[in-house]
Amino acid sequence: MEGEKKQVTVPLLLAVSVAVIGSVQFGYNTGVINAPEKIIRQFHNETWKARTAEFITDNLSTTLWSFSVAIFSVGGMIGSFSVGVFVNRFGRRNSMLMVNVLAVIGGSLMGFSKLAASFEMLILGRMTIGLFCGLSTGLVPMYIGEISPTSLRGAFGTLHQLGVVIGILIAQVFGLEFILGSQSLWPVLLGLTIIPAVIQSIALPFCPESPRFLLINKNQEEKATEILKKLRGTADVQQDLQEMKDESLKMMQEKKVTIPELFRSPSYRQPIIIAIVLQLSQQLSGINAVFYYSTNIFEAAGVKEPIYATIGAGVVNTVFTVVSLFLVERAGRRTLHLVGLAGMAFCAVLMTIALTLTSQIPSMSYLSIIAIFGFVAFFEVGPGPIPWFIVAELFSQGPRPAAMAVAGCSNWTSNFIVGLGFPYVQVLCGDYVFIIFVVFLALFFVFTFFRVPETRGRTFDDISKGFAGGNSQGAGSPAPEGVVTLPPSSPTEKVPMVQLNTEEAPNAPLSNV
(Lines give C-alpha, C1' and ligand atoms only; values in the text may rest on other atoms or scores of the structure.)
Protein backbone atom coordinates (compact mmCIF):
# COMPACT_ATOMS: atom_id res chain seq x y z
CA MET A 1 0.00 0.00 0.00
CA GLU A 2 1.28 3.44 -0.90
CA GLY A 3 0.41 4.92 2.47
CA GLU A 4 2.41 2.27 4.24
CA LYS A 5 5.46 2.83 2.03
CA LYS A 6 5.63 6.43 3.26
CA GLN A 7 5.76 5.22 6.84
CA VAL A 8 9.49 4.38 6.63
CA THR A 9 11.03 7.80 7.27
CA VAL A 10 14.47 9.09 8.21
CA PRO A 11 13.40 10.14 11.74
CA LEU A 12 11.89 6.67 12.31
CA LEU A 13 14.99 4.86 11.04
CA LEU A 14 17.24 7.14 13.11
CA ALA A 15 15.26 6.54 16.30
CA VAL A 16 15.18 2.75 15.81
CA SER A 17 18.88 2.58 14.89
CA VAL A 18 19.96 4.61 17.94
CA ALA A 19 17.77 2.49 20.24
CA VAL A 20 19.27 -0.75 18.86
CA ILE A 21 22.72 0.36 20.11
CA GLY A 22 21.45 -0.84 23.50
CA SER A 23 20.78 -4.28 21.96
CA VAL A 24 24.31 -4.39 20.51
CA GLN A 25 25.61 -3.62 24.01
CA PHE A 26 23.67 -6.58 25.41
CA GLY A 27 25.07 -8.95 22.79
CA TYR A 28 28.62 -7.65 23.14
CA ASN A 29 28.70 -8.01 26.93
CA THR A 30 27.13 -11.47 26.69
CA GLY A 31 29.88 -12.79 24.40
CA VAL A 32 32.92 -10.73 25.39
CA ILE A 33 33.87 -12.67 28.53
CA ASN A 34 34.35 -16.05 26.80
CA ALA A 35 37.46 -15.46 24.66
CA PRO A 36 39.84 -14.18 27.38
CA GLU A 37 38.84 -16.84 29.95
CA LYS A 38 42.37 -18.25 30.45
CA ILE A 39 43.91 -14.78 30.64
CA ILE A 40 41.37 -13.55 33.21
CA ARG A 41 41.90 -16.69 35.31
CA GLN A 42 45.63 -15.92 35.22
CA PHE A 43 44.83 -12.36 36.34
CA HIS A 44 42.89 -13.81 39.30
CA ASN A 45 45.87 -15.99 40.17
CA GLU A 46 48.45 -13.19 39.93
CA THR A 47 46.31 -10.81 41.99
CA TRP A 48 45.74 -13.44 44.67
CA LYS A 49 49.45 -14.27 44.83
CA ALA A 50 50.39 -10.57 45.12
CA ARG A 51 48.07 -10.25 48.13
CA THR A 52 48.68 -13.53 49.95
CA ALA A 53 52.06 -14.71 48.58
CA GLU A 54 50.31 -17.98 47.67
CA PHE A 55 48.87 -19.36 44.43
CA ILE A 56 45.11 -19.52 44.22
CA THR A 57 43.54 -22.99 44.61
CA ASP A 58 41.80 -24.61 41.64
CA ASN A 59 38.44 -24.57 43.44
CA LEU A 60 38.68 -20.89 44.30
CA SER A 61 39.85 -20.06 40.78
CA THR A 62 36.81 -21.83 39.32
CA THR A 63 34.53 -20.10 41.83
CA LEU A 64 35.92 -16.65 40.99
CA TRP A 65 35.60 -17.28 37.26
CA SER A 66 32.05 -18.66 37.55
CA PHE A 67 31.08 -15.71 39.71
CA SER A 68 32.60 -13.25 37.20
CA VAL A 69 30.44 -14.77 34.47
CA ALA A 70 27.22 -15.48 36.41
CA ILE A 71 27.04 -12.09 38.17
CA PHE A 72 26.20 -10.59 34.75
CA SER A 73 22.93 -12.56 34.70
CA VAL A 74 22.15 -11.59 38.31
CA GLY A 75 22.52 -7.91 37.34
CA GLY A 76 20.32 -8.60 34.30
CA MET A 77 17.56 -10.08 36.46
CA ILE A 78 17.53 -7.05 38.75
CA GLY A 79 17.72 -4.61 35.84
CA SER A 80 14.96 -6.25 33.81
CA PHE A 81 12.60 -6.21 36.79
CA SER A 82 13.26 -2.49 37.29
CA VAL A 83 12.13 -1.44 33.79
CA GLY A 84 8.68 -0.28 34.91
CA VAL A 85 10.12 2.04 37.56
CA PHE A 86 12.05 3.97 34.91
CA VAL A 87 9.61 4.09 31.98
CA ASN A 88 6.58 5.17 33.99
CA ARG A 89 8.44 8.06 35.59
CA PHE A 90 10.97 9.21 32.98
CA GLY A 91 9.59 7.93 29.68
CA ARG A 92 11.05 5.48 27.17
CA ARG A 93 13.74 7.61 25.48
CA ASN A 94 14.91 9.37 28.64
CA SER A 95 15.19 6.03 30.45
CA MET A 96 17.49 4.68 27.72
CA LEU A 97 19.57 7.85 28.06
CA MET A 98 19.81 7.60 31.85
CA VAL A 99 20.81 3.94 32.06
CA ASN A 100 23.88 4.58 29.88
CA VAL A 101 25.46 5.89 33.08
CA LEU A 102 25.50 2.25 34.26
CA ALA A 103 27.28 1.19 31.04
CA VAL A 104 29.98 3.82 31.54
CA ILE A 105 30.46 2.87 35.22
CA GLY A 106 30.53 -0.87 34.45
CA GLY A 107 32.92 -0.46 31.52
CA SER A 108 35.24 1.74 33.59
CA LEU A 109 35.35 -0.74 36.47
CA MET A 110 36.21 -3.62 34.13
CA GLY A 111 38.65 -1.57 32.05
CA PHE A 112 40.69 -0.39 35.04
CA SER A 113 40.50 -3.64 37.05
CA LYS A 114 43.93 -4.86 35.89
CA LEU A 115 45.56 -1.48 36.53
CA ALA A 116 44.10 -1.50 40.06
CA ALA A 117 45.01 -5.20 40.52
CA SER A 118 41.44 -5.85 41.70
CA PHE A 119 39.31 -8.76 40.53
CA GLU A 120 36.58 -7.30 42.77
CA MET A 121 36.37 -4.35 40.33
CA LEU A 122 35.96 -6.81 37.45
CA ILE A 123 33.12 -8.64 39.22
CA LEU A 124 31.40 -5.40 40.25
CA GLY A 125 31.79 -4.08 36.70
CA ARG A 126 30.17 -7.24 35.28
CA MET A 127 27.23 -6.85 37.66
CA THR A 128 26.81 -3.17 36.78
CA ILE A 129 26.90 -3.85 33.05
CA GLY A 130 24.40 -6.66 33.70
CA LEU A 131 22.05 -4.13 35.32
CA PHE A 132 22.37 -1.96 32.22
CA CYS A 133 21.72 -4.88 29.83
CA GLY A 134 18.73 -6.07 31.89
CA LEU A 135 17.16 -2.62 31.59
CA SER A 136 18.01 -2.41 27.88
CA THR A 137 16.30 -5.72 27.09
CA GLY A 138 13.05 -4.14 28.32
CA LEU A 139 13.51 -0.54 27.19
CA VAL A 140 14.63 -1.14 23.59
CA PRO A 141 11.80 -3.48 22.41
CA MET A 142 9.22 -1.29 24.19
CA TYR A 143 10.46 1.93 22.59
CA ILE A 144 10.74 0.40 19.11
CA GLY A 145 7.28 -1.19 19.38
CA GLU A 146 5.65 2.10 20.42
CA ILE A 147 7.18 4.32 17.71
CA SER A 148 6.77 1.82 14.83
CA PRO A 149 3.69 1.76 12.58
CA THR A 150 1.56 -1.37 12.95
CA SER A 151 2.56 -2.71 9.52
CA LEU A 152 6.28 -2.56 10.37
CA ARG A 153 6.21 -3.35 14.09
CA GLY A 154 7.36 -6.95 13.66
CA ALA A 155 10.20 -6.17 11.25
CA PHE A 156 11.51 -3.34 13.42
CA GLY A 157 11.03 -5.46 16.54
CA THR A 158 13.36 -8.08 15.04
CA LEU A 159 16.10 -5.43 14.92
CA HIS A 160 16.55 -5.84 18.69
CA GLN A 161 17.65 -9.46 18.21
CA LEU A 162 19.74 -8.45 15.17
CA GLY A 163 21.55 -5.96 17.40
CA VAL A 164 22.14 -8.69 20.00
CA VAL A 165 23.68 -11.17 17.53
CA ILE A 166 25.80 -8.45 15.89
CA GLY A 167 27.08 -7.54 19.35
CA ILE A 168 27.98 -11.19 20.04
CA LEU A 169 29.76 -11.44 16.67
CA ILE A 170 31.74 -8.24 17.33
CA ALA A 171 32.78 -9.62 20.73
CA GLN A 172 33.91 -12.89 19.15
CA VAL A 173 36.02 -11.10 16.51
CA PHE A 174 37.51 -8.51 18.88
CA GLY A 175 38.25 -11.32 21.34
CA LEU A 176 40.75 -12.93 18.96
CA GLU A 177 44.21 -12.92 20.51
CA PHE A 178 45.81 -10.81 17.77
CA ILE A 179 43.14 -8.09 18.15
CA LEU A 180 42.11 -7.40 21.78
CA GLY A 181 42.10 -10.85 23.40
CA SER A 182 45.72 -10.64 24.48
CA GLN A 183 47.43 -10.53 27.87
CA SER A 184 47.86 -6.75 27.72
CA LEU A 185 44.67 -5.67 25.93
CA TRP A 186 41.88 -7.72 27.56
CA PRO A 187 40.87 -4.81 29.87
CA VAL A 188 40.35 -2.70 26.71
CA LEU A 189 38.18 -5.51 25.28
CA LEU A 190 35.92 -5.40 28.36
CA GLY A 191 35.97 -1.59 28.73
CA LEU A 192 35.15 -1.00 25.06
CA THR A 193 31.46 -1.05 26.00
CA ILE A 194 31.84 2.60 27.08
CA ILE A 195 32.12 3.80 23.45
CA PRO A 196 28.62 2.73 22.21
CA ALA A 197 27.16 4.07 25.49
CA VAL A 198 28.65 7.51 24.78
CA ILE A 199 27.52 7.40 21.12
CA GLN A 200 23.96 6.51 22.13
CA SER A 201 23.93 9.22 24.81
CA ILE A 202 24.93 11.84 22.22
CA ALA A 203 22.38 10.63 19.65
CA LEU A 204 19.30 9.98 21.85
CA PRO A 205 18.45 13.68 22.46
CA PHE A 206 17.90 13.95 18.68
CA CYS A 207 15.36 11.09 18.81
CA PRO A 208 11.71 11.61 19.78
CA GLU A 209 10.02 10.35 22.92
CA SER A 210 7.41 7.64 22.37
CA PRO A 211 4.21 9.40 21.17
CA ARG A 212 2.15 6.75 22.97
CA PHE A 213 3.84 7.65 26.25
CA LEU A 214 3.30 11.38 25.66
CA LEU A 215 -0.39 11.05 24.77
CA ILE A 216 -1.51 8.22 27.03
CA ASN A 217 0.73 8.71 30.08
CA LYS A 218 1.37 12.48 29.94
CA ASN A 219 -1.75 13.68 28.08
CA GLN A 220 0.40 15.81 25.73
CA GLU A 221 -1.64 15.39 22.54
CA GLU A 222 -0.11 18.30 20.64
CA LYS A 223 3.45 17.12 21.18
CA ALA A 224 2.50 13.50 20.38
CA THR A 225 0.83 14.64 17.14
CA GLU A 226 3.92 16.61 16.10
CA ILE A 227 6.20 13.62 16.72
CA LEU A 228 3.86 11.24 14.88
CA LYS A 229 3.88 13.50 11.80
CA LYS A 230 7.70 13.37 11.73
CA LEU A 231 7.87 9.63 12.32
CA ARG A 232 5.20 8.79 9.71
CA GLY A 233 6.24 11.41 7.15
CA THR A 234 2.65 12.60 6.69
CA ALA A 235 0.28 15.15 8.20
CA ASP A 236 -2.54 12.59 8.36
CA VAL A 237 -1.93 10.74 11.63
CA GLN A 238 -5.53 10.66 12.81
CA GLN A 239 -5.75 6.86 12.70
CA ASP A 240 -2.73 6.51 15.01
CA LEU A 241 -4.03 9.22 17.32
CA GLN A 242 -7.49 7.68 17.50
CA GLU A 243 -6.02 4.28 18.39
CA MET A 244 -4.02 5.90 21.21
CA LYS A 245 -7.04 7.87 22.44
CA ASP A 246 -9.14 4.71 22.54
CA GLU A 247 -6.40 3.03 24.56
CA SER A 248 -6.14 6.07 26.85
CA LEU A 249 -9.91 6.01 27.44
CA LYS A 250 -9.69 2.34 28.31
CA MET A 251 -6.88 3.08 30.78
CA MET A 252 -9.00 5.70 32.56
CA GLN A 253 -11.76 3.11 33.01
CA GLU A 254 -9.36 0.48 34.35
CA LYS A 255 -8.73 -0.28 37.98
CA LYS A 256 -5.12 0.00 39.13
CA VAL A 257 -3.75 -3.14 40.76
CA THR A 258 -0.43 -4.54 41.91
CA ILE A 259 1.93 -6.82 40.01
CA PRO A 260 0.70 -10.06 41.65
CA GLU A 261 -2.74 -9.26 40.22
CA LEU A 262 -1.20 -9.44 36.77
CA PHE A 263 -1.43 -13.19 37.37
CA ARG A 264 -4.73 -13.10 39.29
CA SER A 265 -6.70 -11.02 36.79
CA PRO A 266 -8.46 -13.20 34.16
CA SER A 267 -7.82 -10.47 31.56
CA TYR A 268 -4.04 -10.57 31.95
CA ARG A 269 -3.33 -14.06 33.22
CA GLN A 270 -3.28 -15.67 29.77
CA PRO A 271 -1.05 -13.07 28.04
CA ILE A 272 1.46 -12.96 30.94
CA ILE A 273 1.71 -16.76 30.92
CA ILE A 274 2.24 -16.66 27.14
CA ALA A 275 4.89 -13.96 27.57
CA ILE A 276 6.77 -15.96 30.21
CA VAL A 277 6.59 -19.26 28.29
CA LEU A 278 7.87 -17.59 25.10
CA GLN A 279 10.84 -16.19 27.03
CA LEU A 280 11.48 -19.64 28.51
CA SER A 281 11.28 -21.15 25.01
CA GLN A 282 14.19 -18.91 24.03
CA GLN A 283 16.51 -19.83 26.90
CA LEU A 284 15.46 -23.47 27.45
CA SER A 285 15.72 -24.24 23.72
CA GLY A 286 19.39 -25.11 24.26
CA ILE A 287 20.91 -22.31 22.19
CA ASN A 288 23.39 -21.28 24.91
CA ALA A 289 24.27 -24.91 25.50
CA VAL A 290 25.00 -25.34 21.78
CA PHE A 291 27.40 -22.41 21.81
CA TYR A 292 28.95 -23.82 24.97
CA TYR A 293 29.36 -27.27 23.38
CA SER A 294 30.27 -26.14 19.84
CA THR A 295 34.02 -25.80 20.48
CA ASN A 296 34.28 -29.46 21.58
CA ILE A 297 32.31 -30.60 18.53
CA PHE A 298 34.46 -28.55 16.17
CA GLU A 299 37.61 -29.97 17.77
CA ALA A 300 36.27 -33.51 17.34
CA ALA A 301 35.74 -32.75 13.65
CA GLY A 302 39.41 -31.90 13.32
CA VAL A 303 39.05 -28.12 13.04
CA LYS A 304 42.48 -26.71 13.93
CA GLU A 305 41.15 -23.34 15.12
CA PRO A 306 37.71 -23.98 16.69
CA ILE A 307 37.34 -20.27 17.53
CA TYR A 308 36.94 -19.50 13.82
CA ALA A 309 34.23 -22.17 13.49
CA THR A 310 32.46 -20.60 16.48
CA ILE A 311 32.69 -17.22 14.73
CA GLY A 312 31.19 -18.97 11.68
CA ALA A 313 28.23 -19.98 13.84
CA GLY A 314 27.99 -16.31 14.88
CA VAL A 315 27.82 -15.31 11.22
CA VAL A 316 25.00 -17.82 10.63
CA ASN A 317 23.32 -16.32 13.70
CA THR A 318 23.44 -12.85 12.16
CA VAL A 319 22.42 -13.84 8.61
CA PHE A 320 19.30 -15.69 9.71
CA THR A 321 18.25 -12.86 12.00
CA VAL A 322 18.19 -10.69 8.87
CA VAL A 323 16.13 -13.39 7.12
CA SER A 324 13.66 -13.31 10.02
CA LEU A 325 13.41 -9.52 9.68
CA PHE A 326 12.01 -9.90 6.15
CA LEU A 327 9.76 -12.86 6.98
CA VAL A 328 8.10 -11.73 10.20
CA GLU A 329 5.53 -9.42 8.57
CA ARG A 330 4.78 -11.94 5.82
CA ALA A 331 4.66 -15.28 7.59
CA GLY A 332 3.63 -13.94 11.00
CA ARG A 333 5.07 -14.26 14.50
CA ARG A 334 3.31 -17.46 15.52
CA THR A 335 4.18 -19.33 12.31
CA LEU A 336 7.87 -18.41 12.46
CA HIS A 337 8.06 -19.39 16.12
CA LEU A 338 6.55 -22.80 15.34
CA VAL A 339 8.91 -23.35 12.39
CA GLY A 340 11.89 -22.32 14.53
CA LEU A 341 10.99 -24.67 17.40
CA ALA A 342 10.35 -27.63 15.07
CA GLY A 343 13.59 -27.03 13.14
CA MET A 344 15.63 -26.77 16.34
CA ALA A 345 14.16 -30.03 17.67
CA PHE A 346 15.05 -31.82 14.41
CA CYS A 347 18.62 -30.46 14.47
CA ALA A 348 19.00 -31.41 18.15
CA VAL A 349 18.03 -35.01 17.28
CA LEU A 350 20.58 -35.00 14.43
CA MET A 351 23.21 -33.64 16.83
CA THR A 352 22.51 -36.41 19.35
CA ILE A 353 22.75 -39.12 16.67
CA ALA A 354 25.99 -37.66 15.31
CA LEU A 355 27.58 -37.30 18.77
CA THR A 356 26.80 -40.88 19.78
CA LEU A 357 28.19 -42.32 16.52
CA THR A 358 31.29 -40.10 16.16
CA SER A 359 33.54 -42.59 18.01
CA GLN A 360 32.62 -45.37 15.52
CA ILE A 361 32.21 -43.16 12.45
CA PRO A 362 34.55 -40.12 12.63
CA SER A 363 32.90 -38.44 9.65
CA MET A 364 29.72 -38.05 11.73
CA SER A 365 31.43 -35.05 13.36
CA TYR A 366 30.71 -33.10 10.18
CA LEU A 367 27.02 -33.90 10.56
CA SER A 368 27.33 -32.39 14.05
CA ILE A 369 28.69 -29.17 12.55
CA ILE A 370 25.82 -29.01 10.03
CA ALA A 371 23.34 -29.68 12.86
CA ILE A 372 24.83 -26.85 14.93
CA PHE A 373 24.58 -24.36 12.07
CA GLY A 374 21.01 -25.50 11.39
CA PHE A 375 20.10 -25.26 15.08
CA VAL A 376 21.41 -21.68 15.23
CA ALA A 377 19.64 -20.74 11.97
CA PHE A 378 16.24 -22.03 13.13
CA PHE A 379 16.72 -20.27 16.48
CA GLU A 380 17.06 -16.92 14.73
CA VAL A 381 14.02 -17.60 12.55
CA GLY A 382 11.69 -17.73 15.55
CA PRO A 383 12.67 -18.27 19.21
CA GLY A 384 15.51 -15.73 19.00
CA PRO A 385 13.78 -12.49 17.98
CA ILE A 386 10.06 -13.07 18.52
CA PRO A 387 9.78 -13.42 22.33
CA TRP A 388 11.39 -10.00 22.84
CA PHE A 389 8.91 -7.89 20.88
CA ILE A 390 5.74 -9.98 21.03
CA VAL A 391 5.49 -9.26 24.77
CA ALA A 392 5.03 -5.57 23.96
CA GLU A 393 2.29 -6.52 21.48
CA LEU A 394 0.31 -8.69 23.91
CA PHE A 395 -0.37 -5.84 26.37
CA SER A 396 -1.91 -2.38 26.19
CA GLN A 397 -0.10 0.75 27.42
CA GLY A 398 -1.02 0.38 31.09
CA PRO A 399 0.30 -3.11 31.93
CA ARG A 400 3.03 -3.14 29.27
CA PRO A 401 5.95 -1.91 31.46
CA ALA A 402 5.15 -4.40 34.23
CA ALA A 403 4.70 -7.24 31.71
CA MET A 404 8.02 -6.42 30.04
CA ALA A 405 9.68 -6.44 33.45
CA VAL A 406 8.24 -9.83 34.44
CA ALA A 407 9.02 -11.38 31.04
CA GLY A 408 12.54 -9.97 31.02
CA CYS A 409 13.21 -11.27 34.51
CA SER A 410 11.97 -14.72 33.40
CA ASN A 411 14.40 -14.65 30.47
CA TRP A 412 17.38 -13.65 32.59
CA THR A 413 16.51 -16.14 35.35
CA SER A 414 16.28 -19.07 32.93
CA ASN A 415 19.50 -17.87 31.25
CA PHE A 416 21.21 -17.95 34.64
CA ILE A 417 19.88 -21.44 35.44
CA VAL A 418 20.97 -22.89 32.08
CA GLY A 419 24.41 -21.29 32.33
CA LEU A 420 24.91 -22.59 35.86
CA GLY A 421 23.38 -26.03 35.43
CA PHE A 422 24.32 -27.14 31.91
CA PRO A 423 27.91 -28.26 32.70
CA TYR A 424 26.59 -30.59 35.43
CA VAL A 425 23.78 -31.93 33.22
CA GLN A 426 26.32 -32.49 30.45
CA VAL A 427 28.44 -34.66 32.76
CA LEU A 428 25.38 -36.71 33.77
CA CYS A 429 23.90 -37.16 30.29
CA GLY A 430 27.00 -37.11 28.07
CA ASP A 431 26.21 -37.24 24.34
CA TYR A 432 22.47 -37.50 25.09
CA VAL A 433 22.31 -34.06 26.75
CA PHE A 434 20.40 -32.49 23.83
CA ILE A 435 17.50 -34.95 24.23
CA ILE A 436 16.49 -32.82 27.23
CA PHE A 437 16.19 -29.79 24.96
CA VAL A 438 14.26 -31.81 22.37
CA VAL A 439 11.63 -32.50 25.06
CA PHE A 440 11.50 -28.81 26.01
CA LEU A 441 11.21 -27.76 22.34
CA ALA A 442 8.34 -30.22 21.78
CA LEU A 443 6.47 -28.86 24.82
CA PHE A 444 6.97 -25.26 23.68
CA PHE A 445 5.76 -26.20 20.17
CA VAL A 446 2.52 -27.64 21.55
CA PHE A 447 1.98 -24.60 23.79
CA THR A 448 2.60 -22.15 20.93
CA PHE A 449 0.30 -24.05 18.57
CA PHE A 450 -2.67 -24.06 20.96
CA ARG A 451 -2.23 -20.91 23.07
CA VAL A 452 -0.28 -18.20 21.20
CA PRO A 453 -2.35 -15.90 18.96
CA GLU A 454 -1.10 -14.29 15.76
CA THR A 455 -0.41 -10.56 16.32
CA ARG A 456 0.74 -9.59 12.81
CA GLY A 457 -1.03 -6.48 11.48
CA ARG A 458 -3.17 -5.98 14.60
CA THR A 459 -3.22 -2.92 16.86
CA PHE A 460 -2.20 -3.11 20.52
CA ASP A 461 -5.79 -2.44 21.61
CA ASP A 462 -7.18 -5.12 19.29
CA ILE A 463 -4.78 -7.73 20.69
CA SER A 464 -5.47 -6.82 24.33
CA LYS A 465 -9.24 -6.91 23.68
CA GLY A 466 -8.85 -10.52 22.54
CA PHE A 467 -7.54 -11.50 25.96
CA ALA A 468 -10.03 -9.27 27.75
CA GLY A 469 -12.82 -11.21 26.11
CA GLY A 470 -13.06 -9.89 22.55
CA ASN A 471 -12.39 -11.74 19.31
CA SER A 472 -8.75 -12.70 19.55
CA GLN A 473 -8.22 -12.09 15.86
CA GLY A 474 -9.91 -8.74 15.68
CA ALA A 475 -13.04 -7.77 13.82
CA GLY A 476 -13.33 -9.30 10.44
CA SER A 477 -10.00 -11.17 10.69
CA PRO A 478 -9.98 -14.92 10.20
CA ALA A 479 -8.39 -16.99 12.95
CA PRO A 480 -5.38 -19.04 11.87
CA GLU A 481 -5.78 -22.76 12.23
CA GLY A 482 -4.92 -23.95 15.73
CA VAL A 483 -5.49 -20.61 17.45
CA VAL A 484 -8.19 -20.49 20.08
CA THR A 485 -10.56 -17.53 19.70
CA LEU A 486 -12.43 -16.06 22.61
CA PRO A 487 -16.09 -15.01 22.76
CA PRO A 488 -16.88 -11.29 22.39
CA SER A 489 -17.46 -9.17 25.46
CA SER A 490 -19.13 -5.87 26.16
CA PRO A 491 -17.08 -2.86 24.94
CA THR A 492 -17.76 -1.16 28.27
CA GLU A 493 -16.35 -4.00 30.34
CA LYS A 494 -13.68 -2.77 32.73
CA VAL A 495 -10.50 -4.77 33.13
CA PRO A 496 -7.77 -4.12 35.65
CA MET A 497 -4.56 -2.32 34.72
CA VAL A 498 -1.18 -3.14 36.18
CA GLN A 499 0.85 -0.27 37.50
CA LEU A 500 4.46 -0.66 38.59
CA ASN A 501 5.24 2.36 40.68
CA THR A 502 8.20 3.35 42.76
CA GLU A 503 6.47 2.64 46.04
CA GLU A 504 5.85 -0.99 45.08
CA ALA A 505 9.21 -1.63 43.43
CA PRO A 506 11.34 -2.07 46.58
CA ASN A 507 9.04 -4.84 47.77
CA ALA A 508 8.90 -6.57 44.40
CA PRO A 509 10.88 -9.78 44.06
CA LEU A 510 14.06 -9.23 42.06
CA SER A 511 14.84 -12.79 41.18
CA ASN A 512 13.59 -16.30 41.45
CA VAL A 513 17.10 -17.62 41.98
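Check the entry above for the structure.
Read on for an overview of the structure. (Residues numbered from 1 in each chain as written. Predicted model: local features only at pLDDT ≥ 70, side-chain atom pairs only at ≥ 80, totals over all residues. Heavy atoms only, no water.)

1. Some points on the nonpolar core
Piece 1. Core analysis: the largest hydrophobic core is formed by 100 residues, its most contacted members being Val16, Leu190 and Phe395.
Piece 2. No other element matches the 13 residues that helix H7 (residues 119-147) contributes to this core.
Piece 3. Leave out the neighbours within four places in its chain, and Val16 touches Ile144, Ile147, Phe156 and Leu159. (Core = buried A, V, L, I, M, F, W, Y, C linked by side-chain atoms within 4.5 Å. Buried < 20%, exposed > 50% of the residue type's maximum accessible area, 1.4 Å probe, protein only. Helix = DSSP H or I, 4+ residues; strand = E, 2+ residues; numbered from the N terminus. Contact = heavy atoms within 4.5 Å.)

2. Some points on helix H8 (residues 153-174)
Piece 1. Its 22 residues place the ends of H8 32 Å apart at the C-alpha level, agreeing with the 32 Å of an ideal helix rising 1.5 Å per residue.
Piece 2. Taking burial as the measure, the 22 residues of H8 include 18 buried ones, the bulk of the element. (Expected span 1.5 Å × (residues − 1).)

3. Considerations on unusual backbone geometry
Piece 1. The backbone of Ala53 shows a phi angle near 65°, a positive value even though the residue is not glycine.
Piece 2. With respect to the helices and strands, Ala53 occurs in the loop between helix H3 (37-52) and helix H4 (58-81).
Piece 3. Phi angles above zero are rare outside glycine, and Asn219 is one such case at about 60°.
Piece 4. Mapped onto the elements, Asn219 comes out in the loop between helix H11 (211-217) and helix H12 (221-232).
Piece 5. Note on Asn219: relative accessible area 66%, which makes it exposed.

4. A few points about the packing of helix H17 (residues 306-331) against helix H18 (residues 333-357)
Piece 1. Direction vectors running N to C along H17 and H18 enclose 125°, while the axes themselves pass 7 Å from each other. Comparing their axes, H18 and H17 come out oblique. Counting all contacts with H17, which are made through Ser324, Leu327, Val328, Glu329 and Ala331, the residues of H18 involved are Arg333, Thr335 and Leu336.
Piece 2. Among the residues forming the contact of H17 with H18, the class breakdown is 4 nonpolar, 2 polar and 2 charged. (Axes fitted to C-alpha atoms, helices over the stretch in contact; angles between N-to-C directions. Parallel < 35°, antiparallel > 145°, perpendicular 65-115°, else oblique. Nonpolar A, V, L, I, M, F, W, Y, C, P; charged D, E, K, R; others polar.)

5. Overview of the packing of helix H2 (residues 10-31) against helix H10 (residues 194-203)
Helix-helix packing: each pair is described by the crossing angle between the helix axes and the interaxial distance.
Piece 1. With their axes 9 Å apart at the nearest point, H2 and H10 run at an angle of 165° to one another. Here H2 lies roughly antiparallel to H10, going by the angle between them. Between H2 and H10 the crossing geometry is left-handed. For the pair H2 and H10, contact is made by Val18, Ala19, Ile21, Gly22 and Gln25 and by Pro196, Ala197, Ile199, Gln200 and Ala203, respectively.
Piece 2. Along the lines of polarity and charge, the residues of the contact of H2 with H10 split into 7 nonpolar, 3 polar and no charged. (Left-handed = near helix turned anticlockwise from the far one by under 90°.)

6. Points about the packing of aromatic side chains
Piece 1. A complete count under the given rule lists 9 aromatic pairs for this structure.
Piece 2. Arranged with centres 5.2 Å apart and planes meeting at 45°, the rings of Phe26 and Trp412 form a pair that is tilted. Placement of the pair is Phe26 in helix H2 and Trp412 in helix H21 (residues 400-429), with a sequence separation of 386 residues. For the pair Phe26 and Trp412, a shared accessibility class is recorded, and that class is buried.
Piece 3. Relative to Phe450, the ring of Phe449 lies with its centre 5.1 Å away and its plane at 80°, an arrangement referred to as edge-to-face.
Piece 4. Among the residues examined, Phe449 registers a relative accessible area of 28% and is labelled partly exposed.
Piece 5. Phe450 sits in the partly exposed class, given a relative accessible area of 46%.
Piece 6. Connected via pairs of aromatic rings, a cluster forms that spans Phe26, Phe72, Trp388 and Trp412.
Piece 7. Over the ring of Phe119 we find Arg51, and its NZ or CZ is 4.8 Å from the ring centre.
Piece 8. The ring centre of Phe449 lies 5.3 Å from the NZ or CZ of Arg334, which sits over that ring. (Phe/Tyr/Trp six-rings, centres within 6.5 Å; stacked < 30°, edge-to-face > 60°. Lys NZ or Arg CZ within 6 Å of the ring centre and 35° of its normal.)

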